[in-house]
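Letter by letter, the chains look like this.
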Amino acid sequence: MMVLPRTPHETAAELAAGFRHGRAIHLINYHATPSTHREQYRAQIAACAGRFDSLKDRGIEGLMQGGGARPILAPILFEGFRDNYDVLCPILEEFGFVGWFFVPSHFLNVPARHQRIFAARHSLHYGADEYPGDRIAISWTELRAAHARGHLVACHSRNHTALYRDTSDEVLYDEIVVAKKELEDGLGAEVNTFCYLYGAEYGLNPRSDALLVEAGFKYLFSNYRLQKLQ
Amino acid sequence: MTIDDDWLDAFEDDIVRLSRRDYSVTGVAMYLVPEDLTGGPSAVTPDPEGERIGKLFEEVCAAMEARNGPLSGSDISHILEVLADRHFLDRSLSSFESAAK
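Residues numbered from 1 in each chain as written. Chains lettered and ligands numbered in written order. Predicted model: local features only at pLDDT ≥ 70, side-chain atom pairs only at ≥ 80, totals over all residues. Heavy atoms only, no water.

## Topic: the packing of helix α1 (residues 5-19) of chain B against helix α2 (residues 48-68) of chain B
Residues and elements named next belong to chain B. Two elements in contact, α1 and α2, have axes whose closest approach is 11 Å; the angle formed by their N-to-C orientations is 95 degrees. Looking at the two axes, α1 sits roughly perpendicular to α2. Only Leu56, Val60, Ala63, Met64, Arg67 and Asn68 of α2 make contact with α1, whose side of the interface consists of Asp5, Trp7, Leu8, Asp9, Phe11, Glu12 and Ile15. Its residues placed into classes, the contact of α1 with α2 shows 8 nonpolar, 1 polar and 4 charged. (Axes fitted to C-alpha atoms, helices over the stretch in contact; angles between N-to-C directions. Helix = DSSP H or I, 4+ residues; strand = E, 2+ residues; numbered from the N terminus. Parallel < 35°, antiparallel > 145°, perpendicular 65-115°, else oblique. Contact = heavy atoms within 4.5 Å. Nonpolar A, V, L, I, M, F, W, Y, C, P; charged D, E, K, R; others polar.)

## Concerning the pattern of salt bridges
Counted according to the given criterion, the structure contains 30 salt bridges over all chains. The partner of Arg67 of chain B in a salt bridge is Glu12 of chain B, with the nearest N and O atoms 2.9 Å apart. Separated by 55 residues along the polypeptide, Arg67 of chain B in helix α2 and Glu12 of chain B in helix α1 bring together distant segments of the chain. Owing to a relative accessible area of 31%, Arg67 of chain B belongs among the partly exposed residues under this scheme. Across the pair Asp14 of chain B and Arg86 of chain B runs a salt bridge whose closest N-O atoms are separated by 3.0 Å. In this pair, Asp14 of chain B sits in helix α1 while Arg86 of chain B sits in helix α3 (residues 73-87), placing the two residues 72 residues apart along the sequence. A residue is classified by how much of its surface remains accessible, and Arg86 of chain B, at 26% relative accessible area, is partly exposed. Via salt bridges that share partners, Arg6, Glu14, Glu201 and Arg225 of chain A together with Glu35 of chain B belong to a single interconnected network. (Salt bridge = Lys/Arg side-chain N within 4 Å of Asp/Glu carboxyl O. Buried < 20%, exposed > 50% of the residue type's maximum accessible area, 1.4 Å probe, protein only.)

## Observations regarding unusual backbone geometry
All names here are of chain A. Unusually for a residue other than glycine, Ser123 sits at a positive phi of about 55 degrees. Its location among the elements puts Ser123 in the loop between α5 (115-121) and α6 (140-148). Of the residues examined, Ser123 reaches a relative accessible area of 25% and is grouped as partly exposed. Within the chain, Tyr198 stands out as a residue other than glycine whose phi angle is a positive 70 degrees. Along the chain, the position of Tyr198 falls in the loop between β6 (193-194) and α8 (206-215).

## Section: the nonpolar core
Trp100, Leu143, Phe221 and Leu226 of chain A together with Phe57 of chain B are the most contacted members of the largest nonpolar core, which totals 105 residues. Per-element accounting of this core gives the leading share, 7 residues, to α2 of chain B. In contact with Trp100 of chain A, not counting residues within four places along its chain, are Leu55, Ile60, Leu63, Pro75, Ile76, Leu77, Leu152, Val153, Ala154, Thr193, Phe221 and Leu226 of chain A. (Core = buried A, V, L, I, M, F, W, Y, C linked by side-chain atoms within 4.5 Å.)

Written as structure tokens, this is what we have:
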């Protein structure tokens, strides 16, 4: 469930002002990307080719600052599913784009035998099971390979966890600090962007806000905003 | 642009159509606003599309509030989703979903 730090009316007014005086960041949000939908994804991305720049060229600051001749397309790959790597990555690369993987770090460390129950217990939804008897999460090897080819990686908490005003300090530490270390250890590179399940934004929980900054996250990706924290 | 009842009906029809998709396997277009909380001078370069989307977003929010009462967080998401679906490209991004069927 989405929780906002201010009223929806106030939020809408802020967003309208943000669009009018800033930029509109263009995302396509994906979760599971099964091969049954390959042609749909390919048609979408093909239609975007030539209309948008790649996130690879101008990075997150490019999204924040704008200024290019064309807007940047940010394909967001939520949840760390294996089919993101098998199905969507090749399509993105075919048309010169890179994706931005939002990974709940612990999902990748869950043994294959237990990944489906982990997914069921942590709101990680997917369609048909295309890998019966095998893992459904992207592997660390695949994530590192994608990163080496220019795809971006963000921390989507440790266990795909939502933020509320009363989320305990222990949970916050695990889902922010431990998650960052776990993701960076597995990836072998720094991760500077965080996103909660349901996309809570800065200002909802001051303890979370402080911990995100203390942990070294530079950006918070939320439902309506990409917020630069430091 | 004037938002009349017919226009708002069509917009709400799009909300219904898009929100009934299976989000777990669908590519969903969405707009975000960049927000620099560091307090430094803004390096953001305003763009015409942002201005156009901002104006339209404001008008749709006002029209939906007038028709349905106070907005919810979900209303905001739905409005942004329809705007993104309609305005990313010359045709709606969701129209490509038929390619998989």
